[in-house]
Amino acid sequence: MQLKTATRLTLLPPYLFAELDRLKKEVMAKGVDVISLGIGDPDLPTPQHIVESLQRAATDPKNHRYPDYEGLESFRRAAANWYQRRFGPKFDPQREVCALIGSKEGIANFSTAVVDPGDIVLIPDPGYPVYYSGCVFNGGEPYFMVLRKENGFVPDFDAIPDEVARRARLMWLGYPNNPTGATVDRAFFDKAVRFCLRHNIILAHDNAYSEIAYDGYRAPSVFEADGARECAVEFHSLSKTFSMTGWRVGFVLGNAELVAALGKVKTNYDSGVFQAVQEAAITGLEGGDGDKLAEYCAVYKERRDLLVGALRSIGIKCDPPRATFYIWAEVPKGYSSVSFTERVLKEAGVVITPGSGFGKGGEGFVRFSLTVPSERLKEAVARIKALRL
Ligand SMILES: *Cc1c(COP(=O)(O)O)cnc(C)c1O
């Protein structure tokens, strides 16, 4: 028989990382001690009190059953309270908050909830790849908002043609930004919300890195902008904040109608987050170990300063980001994102991510993750230096 899979799978860009994965395996097979600065997955462990909370909750048989689709009420309340303490605005845990199986799940399913075939979706380029796949899987038409260095890696809303804005249903934004490390202030969200309200566009903000910040920078929420509740949702994740990437828990909050629409998709596709994980997440959100988070940010900051200093000393241009654990660096003259990434992998045994893997707008850049100890970062730069670029 001839197997036929869905045409929508062919709409994904060619998997750029497949060739790099193959190359990485080849280098490792030679016995090279590969240093991986490729993925954004914290090496620092989940704080102990959160782990213990899971251990306790896992023994309770009531947590072994199907969870509520929208999340435990106590989880939604803890999320709304955490959010209010951190950002100010108040949300109703019943109607305006929903638990997610990691924010990636919610980001992907949100497109299913709001995008119709033929709708334009405004997507930052470079950007987190899920914005794009959610769009095309649902028949949406992507319009890329290019993030340029000279604009501080934020979109220029005035450059979006009127006929595009008219047909747009949804806009994605994510600050502090992956992959560029760019940050914004509240005034930027004022502008974004004004644009979306004027053109009847739903605004989805991805705030996964709100707590990974340095030098006194405080990342804002989209709901600090006037009018945001009329058009917006915001995605939060415990993954980066509490070093919980493997646990799969996050939440969305915002406009009740939009949260309900996402909930409707989810009740048809999944059956919620393991309740013991929600109990542990409540423990994290309620705080009591704030120092741990400050300690983790201090670790990332030390690595940031070390890596930025070392890269600059060998002529690679980059700026220290005020948030996220990524360094977005310009590739040296004579290279593309991919050719530089390949040379660094093959000859230095260091895995980095080509900027073009996040969209055409990322060409000319590479991303370094700060998720390995300082000693390894030093070793990585020493090896890159030996290439005499
Ligand atoms: C890590 C990340 C997420 C989501 O992670 P989850 O583990 O699914 O919560 C969302 N957006 C961006 C930009 C990320 O880097």
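As the structure is a prediction and not an experimental result, all values here were calculated from the model. (Residues numbered from 1 in each chain as written. Predicted model: local features only at pLDDT ≥ 70, side-chain atom pairs only at ≥ 80, totals over all residues. Heavy atoms only, no water.)

**Some details on the sheet that holds strand β12 (residues 365-369)**
Strand order in the open sheet formed by three strands is β9-β12-β11, and the pairing between neighbours is antiparallel. Bordering the open sheet on either side are β9 (326-330) and β11 (353-354), each of which pairs with just one other strand. As defined by bridge partners, β9 adjoins β12 across five bridges and the pair is classed as antiparallel. What sits directly across from Ala329, in β12, is Val366. (Pairing = 2+ DSSP bridges. Helix = DSSP H or I, 4+ residues; strand = E, 2+ residues; numbered from the N terminus.)

**Points about the domain arrangement of the protein**
Here the protein is described as being made up of domain 1 (8-45 + 291-385) and domain 2 (48-286). Each of domain 1 and domain 2 has a C-alpha centre, and these two points are 25 Å apart. In this complex, domain 1 contributes 32 residues to the contact, which on the side of domain 2 involves 32 residues. Summing the contributions of domain 1 and of domain 2, the shared interface buries around 2,700 Å²; its carbon and sulfur component is 63%. Together, Arg322, Thr324 and Phe358 form the three largest contributors to the area buried by domain 1 at its contact with domain 2, with a combined 23%. Summed over the shared surface of domain 1 and domain 2, the result is three salt bridges. Of the charged contacts in the structure, one is a salt bridge between Lys301 and Asp215, with a shortest N-O distance of 3.6 Å. Here domain 1 and domain 2 share 15 residue pairs in polar contact (both at pLDDT 80 or more) between them. Only α12 (290-313), β9 and β12 provide two or more residues apiece to the side of domain 1 that touches domain 2. Counting residues per element, the side of domain 1 that touches domain 2 draws most heavily on α12, which supplies six residues. Per-class residue counts for the side of domain 1 that touches domain 2 are 18 nonpolar, five polar and nine charged. (Domains from an automatic or database assignment. Contact = heavy atoms within 4.5 Å. Buried area = accessible area lost by both parts, 1.4 Å probe. Salt bridge = Lys/Arg side-chain N within 4 Å of Asp/Glu carboxyl O. Polar contact = N/O pair within 3.5 Å; in protein donor to acceptor, adjacent residues only side chain to side chain. Nonpolar A, V, L, I, M, F, W, Y, C, P; charged D, E, K, R; others polar.)

**Re the pattern of salt bridges**
Going through the model one piece at a time under the given rule, you end up with 29 salt bridges. Close ionic contact of Arg304 with Asp305 constitutes a salt bridge, the shortest N to O distance being 2.9 Å. Assessed through its relative accessible area of 4%, Arg304 is described here as buried. For Asp305, a relative accessible area of 36% corresponds to the partly exposed category. One salt-bridge network, in which partners are shared between bridges, spans Asp33, Arg376, Glu379 and Arg383. (Buried < 20%, exposed > 50% of the residue type's maximum accessible area, 1.4 Å probe, protein only.)

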